[in-house]
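# Coordinates in review
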Amino acid sequence: MVPEIPAAAEPLPRSVLIFDQSDSNTPWGLEFRAALVSALKAGSPTSLVIYSEILDLGRFNSPQYAELLRTYLREKYQGKPIGVIIAHGATALEILLRFRAELWSSVPVVFGAVDSQNLPRLPPDVTGTTFRLTMRNAVTAARALVPNLRRIALVGEPFERQPFRRHFSQELASLAAEVEFIDLLGLPTAELRTRVATLPDDSAIYYTAIYSITGIPRDAVPMLAEVANRPIVSDTVTHIGYGSTGGIVVLPEPIAQETARRALRILDGEPAARIRPAGGDFTKPVFDWRQLQRWKVSERALPPGSEIRFRQPGLWEQYHWVVIAALTVVLIQAAMIFWLLFERRRRRLAELDSRRRIFEVAHLNRAAAAGALSASIAHELNQPLGAILSNAETAELLLRANPLDVGQLKEILADIRQADQRAADIITHLRQLLKKRSEIDLQEFNVNDAIADAIHVLEPEAMQRQVALSVDPAPRPLPVRADPVHLQQVILNLAMNGMDAMASSPPAERKLALQTALNERAEVEVSICDSGPGLPRDKLKEVFETFYTTKQQGTGLGLSIVRTIIETYGGKIWADNAAAGGAVFRFTLPLAELRPA
Amino acid sequence: MTPGTPVIHVVDDDASFRAAVARLLRASGYQVALYESAARLLETPPGNEAGCILLDVRMPGLSGPELQARLAETGNPLPIVFLTGHGDVPTGVRAIKAGAEDFLLKPVSKNVLIEAIQRALARDERMREQARRLDSMRALIATFTPREREVFALVVRGKLNKQIAYELGTSERTVKAHRQAVMQKLKVQSLAEAVAIAERLGMLAATDRSKNG
């Protein structure tokens, strides 16, 4: 039954038995075996047979069980040559060494994850690595997390029940000078939870291991972290990520790698006896980024070479290409928006400038119109002035009479006042027309009123030219929003044009008809119809072009200005010939709502 | 207003001015007749009384100068003073050439207006005087016998008695007697005076035309 002892010179079978004391579910065990298997496979040039015995010796370790296990293993591995046995943990090593003489007497053994103090006496072909947890590491880590650290709360099973931490009781004494320890070891869960929730500010929690709940120390970490009011320091990497802030922790991977290295050296022919067992420091400072954020610990305060896990990458780390692309797009857009705004501003300035110029030209055009009307206006103005003078002189005559004719004097004074008012009205109308303006004086007014005003100015001229002027206003008010002076100018220009067109018609046929209406599109429509010869059909559009004129002294600006004004207020203007002969100019303006007075 | 006071016919479309000027003229001692348009004046033409027309130039319908022309056609002798709100030189010149007494601009001061009206009235008076004299001369001539008329026509043309007798186929003595009767009826002493009357009445030209025609 005993396997053949291979000759020293013979190469060892390329097979490894992993003799693991841990439970198949412990995080540590899983990580250790995964790292071990992958290191073995990676390091072996030829294929390797790997057997695993995961024994859960922490929970199942009676002498009777050990006997059964021995029988079981003997049966199981009969005819299965083993090159190297890897023992994981001190208990596994101890049992293995007990079984070895019978089962695998000459098979070299490599052990790992054994506390140096628990190391039994070793035969020469047994080698491996040991390590030792130390409280010093926990204190160092706690200081990094809590700068004003004075106290450390110790949480876990009593140290004598923790295989890897039995020696902590001695270490406590040497550290007591530096830090005060709050002993929460072995407390019932409920009490423990209360205590860790009410720790002083200058303290940290050092969680070692609690096996009593599930058998797996890590399972207690979230339960503590949930209520703890201080950061939790650990010495085992598997606690990190479950609520522990971190610490200088022992890692399974480097132990597994070192163990695999030794096993491979032996498989490759190196005598196990020549590879000395050695202690190793398999720790590394590892911290949970999320917990560091929670406890507001700066990464600079951590021990040098610390590994930060679970870093939640910022937007930049996670999506920096997307961010760069988005920023670029935004920048380009911003630049374009800026450029468009700039262009818009330039355009607005140009529009304002051109509008100002149009107003200047419009003003000149009004001045010209007023000049053309000056004879009529002078005539109109001299009527009341003449009346005033005559009345005044009559009054002088009457004052010399005796008795005074007071009645007539009163009449005279009333007439003077009336005539004076009339003269003032004429001047007001004229001034309105000539007023120079840089900005539109937008008002809401009735088109019918504006036409009545324009007619007031036009009537004397029409009389002079023997033109019959007629107005047919819509029965309802036609409110529009515009500058009334501009609208008057439009009417004046169109009316003067009409009268000019009739200069060669017989006086009896000279008729100028103004009409206002609300058209079917609910726009205000004004038409000015003359009885002249009309417009040539092909010039109906051209008449509105700048510098189009048929008159000797015309500037060709009148109708162009008229169109500009109408379009400024959102209206349209067009020319046509009336069925009865003569030209009709029509324009529309949007209807405004006249505010109730 | 006593009858015989001159009547100023004011034609102006502007009611307030019409009223004002009427008031002034009445206060200055004239009778005033008001017309709101030229047509209205033509409808009710002024009577034979002394006066003048104060006429606006620019009015709806018939204008001032047009009225002036119509009145001239109908032989209305009333002098015209134009009064306008805005007078340009061509209009003024045409009006004066057509016989207007004056061409005034509104506003017009009382003195200028009254002076112009007085001149117009004086002219009216002169024209009336002249017309009266011509009428009396025509009345004298109306008393001539046909033969006396023939003799008178030839005498004022400077024909000798012998020539007249030959032209009329009568004797020189008969002509001489007719000539004496004519001079007596005309109450003139010399041939020159008789010629002047004939000239005034436009008889010389008429005779000429009849001869040539």
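For clarity, every value in this text was computed on a predicted model and none was experimentally measured.

### Here we look at the overall build of chain A
Helix and strand content of chain A: 15 helices and 20 strands. The buried share of chain A, reckoned over its 597 residues, is 37%. Contacts in chain A between residues far apart in sequence, at least 24 positions, make up 73% of those at least 6 positions apart.

### Some remarks on the overall build of chain B
Each helix and strand in chain B was counted, giving ten helices and five strands. In chain B, which comprises 213 residues, the proportion classed as buried is 33%.

### Let's talk about the interface of chain B and chain A
Where interface size is given, it is often the accessible area lost as the parts come together that is meant. Each partner contributes to the interface: chain B provides 19 residues, whereas chain A provides 24 residues. Top element by residues in the side of chain B that touches chain A is helix H1 (residues 15-27) of chain B. It accounts for eight residues.

### Considering the sheet that holds strand S20 (residues 583-590) of chain A
All names here are of chain A. In spatial order, the strands read S15-S17-S18-S20-S19; together these five strands make up an open sheet with mixed pairing. Only two strands of the sheet have a single partner each, and these edge strands are strand S15 (468-472) and strand S19 (572-577). Within the sheet, the average angular offset between the axes of one strand and its neighbour, ignoring direction, is 15 degrees. Pairing of strand S17 (residues 511-518) with strand S18 (residues 523-530), which is carried by seven bridges, proceeds in the antiparallel orientation. Bridge pairing in S18 links Leu512 to Asp530. Strand contacts of helix H13 (residues 447-464): S15, S17 and S18, with the helix running at about 175 degrees to S15, the strand carrying the most contacts.

### Digging into unusual backbone geometry
Looking along the chain, the bond that leaves Asn402 of chain A and enters Pro403 of chain A is cis, with omega of 5 degrees. Structurally, the position occupied by Pro403 of chain A is in the loop between helix H11 (374-400) and helix H12 (406-434). With omega at -5 degrees, the peptide bond leading from Lys106 of chain B into Pro107 of chain B counts as cis. Residue placement: Pro107 of chain B occurs in the loop between strand S5 (102-105) and helix H5 (110-142). The backbone of Asp56 of chain A sits at a positive phi, close to 55 degrees, despite the residue not being glycine. Secondary-structure assignment places Asp56 of chain A in the loop between strand S2 (49-54) and helix H2 (63-76). The phi dihedral of Lys187 of chain B is positive, around 55 degrees, even though this residue is not glycine.

### Some points on the sheet that holds strand S2 (residues 31-35) of chain B
All names here are of chain B. One open sheet accounts for five strands, arranged S2-S1-S3-S4-S5; its pairing is parallel. Because the sheet does not close on itself, it has two edges, and the strands there are S2 and S5. Strand-to-strand twist across the sheet, computed as the mean angle between neighbouring axes with direction ignored, equals 20 degrees. Against the sheet, H1 makes contact with strand S1 (7-11), S2 and strand S3 (51-56), and its axis sits at roughly 165 degrees relative to S2, the strand it touches most.

### Observations concerning the nonpolar core
Residues and elements named next belong to chain A. In terms of nonpolar packing, the biggest core is built from 83 residues, with Ile85, Ile86, Ala142, Ile205, Tyr206 and Ala263 touching the most fellow members. When residues of this core are assigned to domains, at least three fall in each of domain 1 (15-131) and domain 2 (135-251 + 280-309). Ile377, Leu381, Ala482 and Ala575 belong to the second largest nonpolar core, which has 50 residues in total.

### Regarding the confidence of the model for chain A
Atomic detail in the predicted coordinates should be set aside for any region of low pLDDT. Summary statistics for chain A give a mean pLDDT of 87 and a share of 95% for residues scoring 70 or more. Throughout residues 1-7 of chain A the model reports pLDDT below 50, and contacts reaching past four residues in sequence, or to other chains, amount to seven contacts.

### A short note on the packing of helix H7 (residues 161-168) of chain B against helix H8 (residues 172-186) of chain B
Residue and element names in this part refer to chain B. Where H7 meets H8, the axes come as close as 8 Å, and the angle between the chain directions of the two elements is 105 degrees. Classified by the angle between their axes, H7 and H8 sit roughly perpendicular to one another. In this structure, H7 uses Asn161, Lys162, Ile164 and Ala165 to contact H8, whose residues at the interface are Glu172, Val175, Lys176 and Arg179.

### Details of the confidence of the model for chain B
All names here are of chain B. Per-chain confidence: chain B averages 86 in pLDDT, with 94% of residues scoring 70 or above. Confidence drops under a pLDDT of 50 for residues 207-213, and excluding neighbours within four residues, the segment shows two contacts in the predicted structure. In the model output, the complex is listed with pTM 0.49 alongside ipTM 0.74.

### A short note on the environment of Thr516 of chain A
Residues and elements named next belong to chain A. Here Thr516 is to be found in strand S17. The exposure class of Thr516 is buried, given the 20 C-beta atoms found within 10 Å. Distance from Thr516 to Ser527, taken between C-alpha atoms, is 6.5 Å for residues eleven residues apart in sequence.

### Describing the pairing of S17 of chain A
As judged from the five bridges shared by S15 of chain A and S17 of chain A, these two strands associate in the parallel manner. The partner of Val471 of chain A across the bridge, within S17 of chain A, is Leu514 of chain A.

### With respect to the environment of Pro45 of chain B
All names here are of chain B. For Pro45, the position within the fold is in the loop between helix H2 (38-43) and S3. The exposed category is assigned to Pro45, around which 11 C-beta atoms lie within 10 Å. As a C-alpha pair, Pro45 and Asn76 span 31 residues in sequence and 8.8 Å in three-dimensional space.

### Concerning the packing of helix H10 (residues 315-372) of chain A against H12 of chain A
All names here are of chain A. Their axes nearest at 8 Å, the elements H10 and H12 cross at an angle of 145 degrees. Of H12, the residues touching H10 (which contributes Arg366, Ala367 and Ala370) are Leu430, Leu433 and Leu434. When its residues are assigned to classes, the contact of H10 with H12 shows five nonpolar, no polar and one charged.

### Comments concerning helix H7 (residues 220-227) of chain A
Residues and elements named next belong to chain A. What H7 keeps buried is the set Ala220, Val221, Leu224 and Ala225. Axial view of H7: buried residues confined to an arc of 125 degrees, hence all on one face. Taken together, the buried residues of H7 touch strand S6 (151-155), helix H6 (189-197), strand S8 (203-207) and strand S9 (232-233).

Conventions and cut-offs
Residues numbered from 1 in each chain as written. Chains lettered and ligands numbered in written order. Predicted model: local features only at pLDDT ≥ 70, side-chain atom pairs only at ≥ 80, totals over all residues. Helix = DSSP H or I, 4+ residues; strand = E, 2+ residues; numbered from the N terminus. Buried ≥ 20, exposed ≤ 12 C-beta atoms within 10 Å, placed from the backbone. Contact = placed C-beta atoms within 7 Å. Pairing = 2+ DSSP bridges. Axes fitted to C-alpha atoms, helices over the stretch in contact; angles between N-to-C directions. Core = buried A, V, L, I, M, F, W, Y, C linked by C-beta atoms within 7 Å. Domains from an automatic or database assignment. pLDDT = per-residue confidence, 0-100. Parallel < 35°, antiparallel > 145°, perpendicular 65-115°, else oblique. Nonpolar A, V, L, I, M, F, W, Y, C, P; charged D, E, K, R; others polar. Arc of directions from axis to C-beta.

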